Amino acid sequence: MLLLTACTARQPGRVDVIPAPAQMTVRAGHSPVPADLQGAARVTLDAALAERLGPEGYILETGRTGVKIAAADSAGVFYARQTLAQLPDAQGLPHVRIEDRPRFAYRGFHVDVSRHFHDKAEIEKLLDVAAFYKFNYFHFHLTDNGGWRLQSEHYPLLTERGAYRVMKDWDGWWKMDKRLFCTADTPRAYGGYYTREDIREIVAYAAARHIQVIPEIEFPAHSDAVFVGYPELSCEKRPYGSGEFCPAEERVYTFMETVLTEVMELFPCKVIHIGADEARKRAWKTCPACQRLMREQGMDSYDDLQCYMVSRIQAFLREHGRTMAGWDELLKNDDLDSGTMVYSYRGEKGGIRAANRGLKAVMTPGEILYCDWYQADPHFEPKAMYGYSPIKKMYRFIPVPDTPQEAAANESLVEARYVAPNSVEYIQPACTANVVGVQGCAWGEYIPTDEHLEYMMFPRLLAVAELAWSPDERRSWADFRTRLPAHLDLLQSRWGLHVGDLHDAPEVLCIDGRVQMEAEHPLAQVRYTLDGSDPTAESPLYTEPFVIDAPVTVRARAFRDGAPCSYLREVSLSPDEDCLNYYPLTYYPS
């Protein structure tokens, strides 16, 4: 069930900017909001501000003399305007002075369109929202086992045969003996693809919003959709096989270089993502050509075959002035260029190791920053991938864990249990600059519609926005959650998004025998019982921590205007044992 109730508007006098600016001074007074707020701003471009603010920073002032924006570059002016649009409240335009710049150069969001296709209009809507919250990279996951979504001039069968499948339901299709693809004119064909003109328009639309589009073309695995049209590129030389390119087939490299050349014509971004993850290598183990290649190259393992393939693509991209990116399996290669971007998705460890090796790390741990995980009690939510990542969990992530304590805090969220600081790796202080940013990812297996995609991404992506933009000293969960209601309203009213409305059950903790509770929605009240009964609007209201001196079961629910607005949380507590929240991975139906 999707709970999509409206939220109370911003409280008068609050300045609810997301992401939080690096420096903000709120002055007394308001001015009337100009009919053309953006047009009323007096803009100054001053290259001398670059050292102080960087290319994306800005100074924004509002007051009795009007609105002033100063920046070193047009990107800074653009982000100042996004902040300006968030300022008006019921009293008018508050008087503020903001000096702001992003923490990270890479602020990314990812959408998987392979499992379920989302058309150009939906992608552009997401770009509008992402730009408003100061994201500057869109990771476009265009190819995977579920379908090939990019039109190719040289390999037309990629979309003629690989862009449509016989079934919409992911589980049903995935469990078929053969995961059948079909052509667009097949009855009940499901899928779609972007024409080359669609891609040009999306890239231009993003660029106008200071967002670069990073295409992902899967290699060497996740390529079932390729072999439906071009089976000669697989070890088995037939469709519906292992889903992995043959490392010993020279036509594979001709294919990839040709496709990537087309990709580079369409995508000006210097970064090209090749995936490089989850190669099962089953067909390689029985392929005579692969065995011969291993002998000729003196390879000791099948991982060496994967590294060989990645190295060849890296060399090709380097020759064309592009930077290779991939998931953290890239770290199997010991010949990676220093500019290689490693996306740490299996927890934080890949990012830590990449940074310490001198590579560029993008932190996107699946256990924390994946928007396809459950955001509330999975027993009542639409089916999701697995796991449990409410917005507070995302916000708690530490993007640059450069102490054992910070790395352990992250690892506790990853493993859903306490992890001791003396048991973890962390980023060496001299290597912290190698973490270039963070990214929120939405994988599509169980996100079949635009509305569902929006529900899973928002408002959680706002937590990622603040991780990516705001300096550590400006980040506070207590403050962030009070700014959220105004943005829930905005997401719905401005863009018509289908958003999650912070309806998860209250958090219940026990530290040193003191019970603490917090509703997910900041405008809700927590009511609870200790006698096993369900909380009602007349049950005790939680107002402050209280002490327990014996084991007890707490049942808690959030209420607004006397009506329940959350799921029920039931937690057994003991005064002798702390109960912290590591968001247990077992908290979902089997």
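To keep things clear, this report deals only with the structure shown in the data block. (Residues numbered from 1 in each chain as written. Predicted model: local features only at pLDDT ≥ 70, side-chain atom pairs only at ≥ 80, totals over all residues. Heavy atoms only, no water.)

**Some details on the pattern of salt bridges**
Per the counting criterion, the structure on display carries 38 salt bridges. Its salt-bridge partner being arginine 115, residue aspartate 144 comes within 3.1 Å of it at the nearest N-O pair. A residue pair is termed long-range when its members are at least 10 positions apart, and aspartate 144 in strand β8 (residues 143-144) and arginine 115 in the loop between β6 (106-112) and α4 (120-132) qualify at 29 residues. Taken individually, aspartate 144 and arginine 115 each receive the classification buried, so the pair is uniform in this respect. Residue glutamate 466 is joined to arginine 483 by a salt bridge in which the shortest nitrogen-to-oxygen separation is 2.8 Å. Of this pair, glutamate 466 sits in helix α17 (residues 460-469) while arginine 483 sits in helix α18 (residues 477-495); the two residues are 17 residues apart in sequence, bridging distant segments of the chain. With relative accessibility at 0%, the residue glutamate 466 sits in the buried group. Of the residues examined, arginine 483 reaches a relative accessible area of 2% and is grouped as buried. Taken together, the shared-partner salt bridges connect Asp112, Arg115, Asp144 and Glu445 into one network. (Salt bridge = Lys/Arg side-chain N within 4 Å of Asp/Glu carboxyl O. Helix = DSSP H or I, 4+ residues; strand = E, 2+ residues; numbered from the N terminus. Buried < 20%, exposed > 50% of the residue type's maximum accessible area, 1.4 Å probe, protein only.)

**A short note on the sheet that holds strand β22 (residues 546-547)**
Strand-to-strand pairing in sheets goes through backbone hydrogen bonds, with the strands running parallel or antiparallel. As summarised here, the arrangement of the 3 strands in space is β19-β20-β22, forming an open sheet in which the pairing is antiparallel. One side of each edge strand has no neighbouring strand; the edge strands of this open sheet are β19 (507-511) and β22. Of the pairings in the sheet, the one linking strand β20 (residues 514-518) to β22 comprises 2 bridges and is antiparallel in character. When the sheet's bridge partners are listed, valine 515 is paired in β22 with phenylalanine 546. (Pairing = 2+ DSSP bridges.)

**Some points on the sheet that holds strand β5 (residues 93-100)**
Pairing is mixed in the open sheet, where 5 strands are placed in the order β1-β5-β3-β4-β2. Strand pairing shows two members of the sheet lacking a second neighbour, β1 (23-31) and β2 (42-45), which therefore form its edges. Ignoring strand direction, the axes of neighbouring strands in this sheet form an average angle of 15 degrees. By the bridge criterion, 5 bridges tie strand β3 (residues 58-63) to strand β4 (residues 66-71) in an arrangement that is antiparallel. Counterpart to isoleucine 59 in the pairing with β4 is alanine 70. Across the sheet, helix α3 (residues 74-86) touches β2, β3, β4 and β5, and the angle it forms with β3 is around 40 degrees. (Axes fitted to C-alpha atoms, helices over the stretch in contact; angles between N-to-C directions. Contact = heavy atoms within 4.5 Å.)

**A few points about helix α12 (residues 349-356)**
Within α12 the residues assigned to the buried category are Gly350, Gly351, Ile352, Ala354 and Ala355. Each element contacted by the buried residues of α12 is listed here: β16 (341-344), β17 (360-363) and β18 (435-442). Backbone geometry just downstream of α12 places glycine 358 in the positive-phi region, at approximately 90 degrees.

**What to know about helix α10 (residues 288-297)**
Within the sequence span of α10, burial applies to Cys290, Leu293 and Met294. Along α10, the residues classed as buried sweep out an arc of 100 degrees about the axis, all on the same side. The outward face of α10, more than 90 degrees from its buried face, is lined by the exposed residues Pro288, Arg295 and Glu296. Elements that come into contact with the buried residues of α10 comprise α11 (302-319). At the exit of α10 stands glycine 298, carrying a positive phi of roughly 65 degrees. (Arc of directions from axis to C-beta.)

**A look at the environment of aspartate 504**
With respect to the helices and strands, aspartate 504 occurs in the loop between α18 and β19. Taking the C-alpha atoms as reference, aspartate 504 lies 45 Å from leucine 157; in sequence the two are 347 residues apart. Those residues in contact with aspartate 504 that sit more than four places away from it in its chain are Gln375, Ala376, Asp377, Tyr388, Pro390, Glu520, Ser566, Tyr567 and Arg569. There is a polar contact of 3.2 Å between the side chain of aspartate 504 and the backbone nitrogen of aspartate 377. (Polar contact = N/O pair within 3.5 Å; in protein donor to acceptor, adjacent residues only side chain to side chain.)

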